[in-house]
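Residue-level listing of the chains:
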Amino acid sequence: MKKIKLDIVGLSYSQTQSGAYALVLGEVNGRRRLPIIIGGFEAQAIAIEIEKMTPSRPLTHDLFKSFAQIYHINLVEIIIYNLVDGIFYAKLVCNDGKKNTEIDARTSDAIALAVRFECPIYTYEFILASAGIVIEGNDFVFLENIDTQSAETAETPAPGASNYSALSEDELKDKLKQALHDEAYERAAKIRDELSRRKSS
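Computed from a prediction, not measured in an experiment: that's the story for all the values here. (Residues numbered from 1 in each chain as written. Predicted model: local features only at pLDDT ≥ 70, side-chain atom pairs only at ≥ 80, totals over all residues. Heavy atoms only, no water.)

A short note on the pattern of salt bridges
- The final tally for this structure, using the stated rule, is 9 salt bridges.
- With its nearest N and O atoms 3.0 Å apart, the salt bridge here joins Arg32 to Glu27.
- On the accessibility criterion, Glu27 (16% relative accessible area) is buried.
- The residue Lys173 makes a salt bridge to Glu169 at a minimum N-O spacing of 3.4 Å. Highlighted residues: Lys173 and Glu169, both in helix H6 (residues 169–181), separated by 4 residues, approximately one helical turn.
- Here Glu169 falls in the partly exposed class, since its relative accessible area comes to 36%.
- When salt bridges with common partners are traced through the structure, they connect Glu27, Arg32 and Glu125 into a single cluster. (Salt bridge = Lys/Arg side-chain N within 4 Å of Asp/Glu carboxyl O. Buried < 20%, exposed > 50% of the residue type's maximum accessible area, 1.4 Å probe, protein only. Helix = DSSP H or I, 4+ residues; strand = E, 2+ residues; numbered from the N terminus.)

Remarks on the packing of helix H1 (residues 40–50) against helix H3 (residues 107–117)
- Between H1 and H3, the shortest axis-to-axis distance is 9 Å and the interhelical angle comes to 15°. Regarding the angle of H1 to H3, the classification is roughly parallel. Where H1 crosses over H3, the handedness of that crossing is left-handed. The segment H1 lies against H3, with Glu42, Ala45, Ile46, Ile48, Glu49 and Ile50 engaging Ser108, Asp109, Ile111, Ala112, Val115 and Arg116.
- Of the residues contributing to the contact of H1 with H3, the split by class is 7 nonpolar, 1 polar and 4 charged. (Axes fitted to C-alpha atoms, helices over the stretch in contact; angles between N-to-C directions. Parallel < 35°, antiparallel > 145°, perpendicular 65-115°, else oblique. Left-handed = near helix turned anticlockwise from the far one by under 90°. Contact = heavy atoms within 4.5 Å. Nonpolar A, V, L, I, M, F, W, Y, C, P; charged D, E, K, R; others polar.)

As for the pairing of strand E3 (residues 32–39)
- Summarising the sheet, strand E2 (residues 20–27) and E3 pair through 7 bridges and their orientation is antiparallel. Across the sheet, the residue bridging to Gly26 is Arg33, located in E3.
- Counting the residues that bridge the hairpin from E2 to E3 gives 4 residues, and of these Asn29 lies at a positive phi of roughly 60°.
- Across 2 bridges, the pairing between E3 and strand E8 (residues 133–134) is antiparallel. Considered in E8, the bridge of Arg33 is made with Ile133. (Pairing = 2+ DSSP bridges.)

Digging into the confidence of the model for the chain
- Model confidence for the chain is summarised by a mean pLDDT of 80, while 78% of its residues fall at 70 or above.
- Within the chain, helix H5 (residues 142–146) has the poorest average pLDDT of any element, 35, and strand E7 (residues 121–124) the best, 97.
- Segment residues 138–162: pLDDT under 50, and 34 contacts once partners within four positions in sequence are set aside and those in other chains are kept. (pLDDT = per-residue confidence, 0-100.)

Okay, structure coming up:
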């Protein structure tokens, strides 16, 4: 069965399920998108790796990567291979230098590991045909299909989040350290973006 390569194209807070996030995978060189609802912990694990943040202590997926590397096991690819009653099934394809081994995994965990190992994500045509959606143009309209409620009901920003532009660079760096210590990665990302904006201006 032919595999179709996917990329991560979006991660959005879901207003339809409290505490859940919409992870959106996109068909490489195609217009189909595969939205998957995942938990907050897994969304955080994916987001901090994409944003290249370093938590104060290793997260579960970081520990798995370190463990695998010490024992010379490489994650070759992940495959989202089935969809049953709205639940996606994935497997890790690992190699120890001699043979490939497949390990069953939750899709969210598999993707959190894929971004750490920088390995490809695949699925099959029948999954994209049944659960994928097609976007028009370059707009991320697929997020609206997942989150049908108003964006105004999304998470409340942290106190002072809108006032980062009024802070000095040293104050921002202190707040960034505190956010990372508190494992408030969404807040840390906003502070980091403000610091990056200042460097580029």
